[in-house]
Amino acid sequence: QQQVKQSPQSLIVQKGGISIINCAYENTAFDYFPWYQQFPGKGPALLIAIRPDVSEKKEGRFTISFNKSAKQFSLHIMDSQPGDSATYFCAAGGGGNKLTFGTGTQLKVEL
Amino acid sequence: SAVISQKPSRDICQRGTSLTIQCQVDSQVTMMFWYRQQPGQSLTLIATANQGSEATYESGFVIDKFPISRPNLTFSTLTVSNMSPEDSSIYLCSVVTSGGETQYFGPGTRLLVL
């Protein structure tokens, strides 16, 4: 199975709050897990990525947590801002740089 | 990183016609991919564009419907053939630069088939 399951489908967070998006995969051959951010009318842009040899990676307000045994990974956005309102996609990659994308989460950060 | 441009940015086409989408990168890249993103949906990989040889298609996509060319390391085209309204989507080109693993995406081509 090549699926990557993502939840929730949509998320509303207050400004300053923490946004959490979860993904789960089945294929143990996946070894690269990026998160992409997409604004309306734009292509997806890489936000942060992790490999299975670490359990957490942090870049600014964005953190990926990775649980290899559970085959799950999540994105945490700290101090969420209205400018973070976008659609977020998790993805998983194996050989050949091909990516399998999750179904996406529409995040809205309210004032 | 890589700067990617796509032409056209959007188009409205009649069913039964074909549209060719161009993807141009500002530097030589190792891998080029074409994705489809239906309205409000996720990204689905159509094919890997191979330089100088036939593209590698994913399950559910065929060369007769989506012919792809990649004549060099910075350019590729995707043709959507014999279009139907079900082909209305955003078509995205992505690249991986030499020695890297990050996939960079173009701005997309928004296609509406009437």
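As a reminder, the structure under discussion sits directly above these lines.
Since the model is a prediction, treat every value here as computed from it, not as a measurement.

> Teacher, can you tell me more about the interface of chain A and chain B here?
Where interface size is quoted, it is often the accessible area lost as the parts come together. Contact with chain A, which involves 17 residues of that partner, is made by 20 residues of chain B. Summing both sides of the interface, chain A and chain B together bury roughly 1,400 Å²; the carbon and sulfur share of this comes to 50%. Per-residue buried area on chain A facing chain B is highest for Asn 97, Lys 98 and Phe 101 of chain A; these three make up 34% of the total on that side. On the surface where chain A and chain B come into contact, there are two salt bridges. When the shortest N-O distance is used, the salt bridge between Glu 101 of chain B and Arg 51 of chain A registers 2.3 Å. Summed over the shared surface of chain A and chain B, the result is seven residue pairs in polar contact (both at pLDDT 80 or more). Going through the elements one at a time, strand 4 (33-38) and strand 10 (99-101) of chain A are the ones with two or more residues in the side of chain A that touches chain B. The class makeup of the residues in the side of chain A that touches chain B is seven nonpolar, seven polar and three charged.

> So what exactly am I meant to see when it comes to the state of the cysteines here?
Formally, a disulfide is one covalent bond, and it connects the sulfur atom of one cysteine to the sulfur atom of another. Inspection of the entire model under this criterion finds two disulfides over all chains. With a sulfur-sulfur separation of 1.9 Å, Cys 23 of chain A is cross-linked through a disulfide to Cys 90 of chain A. Sign of the S-S torsion, about -95 degrees for the bond between Cys 23 of chain A and Cys 90 of chain A, identifies this disulfide as left-handed. Separated by 67 residues along the polypeptide, Cys 23 of chain A in strand 3 (residues 19-25) and Cys 90 of chain A in strand 9 (residues 86-93) bring together distant segments of the chain. Owing to a relative accessible area of 2%, Cys 23 of chain A belongs among the buried residues under this scheme. Through a disulfide, Cys 23 of chain B is tied to Cys 93 of chain B; the S-S separation comes to 1.9 Å. Torsion about the S-S bond of the Cys 23 of chain B and Cys 93 of chain B cystine: about -60 degrees, corresponding to left-handed handedness. Placement of the pair is Cys 23 of chain B in strand 3 (residues 19-25) and Cys 93 of chain B in strand 9 (residues 89-97), with a sequence separation of 70 residues. Across the pair, exposure class does not vary: Cys 23 of chain B and Cys 93 of chain B are buried alike. Note on Cys 13 of chain B: no disulfide assigned, nearest cysteine sulfur contributed by Cys 23 of chain B at a separation of 18 Å. Taking the relative accessible area as the measure of exposure, Cys 13 of chain B reaches 8% and is therefore buried.

> I would appreciate a short explanation of unusual backbone geometry in the present structure.
Leaving glycine aside, a negative phi is the common case for residues, and trans is the common case for peptide bonds. Note that the residue after Ser 7 of chain A, namely Pro 8 of chain A, is joined by a cis bond; omega there is -5 degrees. Among the secondary structure elements, Pro 8 of chain A is positioned in the loop between strand 1 (4-7) and strand 2 (10-14). Cis geometry is adopted by the peptide bond preceding Pro 8 of chain B, which originates at Lys 7 of chain B and carries an omega value of -10 degrees. Positionally, Pro 8 of chain B belongs in the loop between strand 1 (4-7) and strand 2 (10-13).

> I keep staring at the sheet that holds strand 1 of chain A and nothing clicks. Help me out?
Hydrogen bonding along the main chain pairs the strands of a sheet, whether they run parallel or antiparallel. All names here are of chain A. Spatially, the five strands line up as an open sheet ordered 1-3-8-7-6, and their pairing is antiparallel. The open sheet has two free edges, formed respectively by strand 1 and strand 6 (56-59), since each of these has just one partner strand. Strand-to-strand twist across the sheet, computed as the mean angle between neighbouring axes with direction ignored, equals 15 degrees. Pairing of strand 1 with strand 3 involves four bridges; the strand directions are antiparallel. Across the sheet, the residue bridging to Val 4 is Tyr 25, located in strand 3.

Conventions we followed
Residues numbered from 1 in each chain as written. Chains lettered and ligands numbered in written order. Predicted model: local features only at pLDDT ≥ 70, side-chain atom pairs only at ≥ 80, totals over all residues. Heavy atoms only, no water. Contact = heavy atoms within 4.5 Å. Buried area = accessible area lost by both parts, 1.4 Å probe. Salt bridge = Lys/Arg side-chain N within 4 Å of Asp/Glu carboxyl O. Polar contact = N/O pair within 3.5 Å; in protein donor to acceptor, adjacent residues only side chain to side chain. Helix = DSSP H or I, 4+ residues; strand = E, 2+ residues; numbered from the N terminus. Nonpolar A, V, L, I, M, F, W, Y, C, P; charged D, E, K, R; others polar. Disulfide = S-S within 2.5 Å. Buried < 20%, exposed > 50% of the residue type's maximum accessible area, 1.4 Å probe, protein only. Pairing = 2+ DSSP bridges. Axes fitted to C-alpha atoms, helices over the stretch in contact; angles between N-to-C directions.

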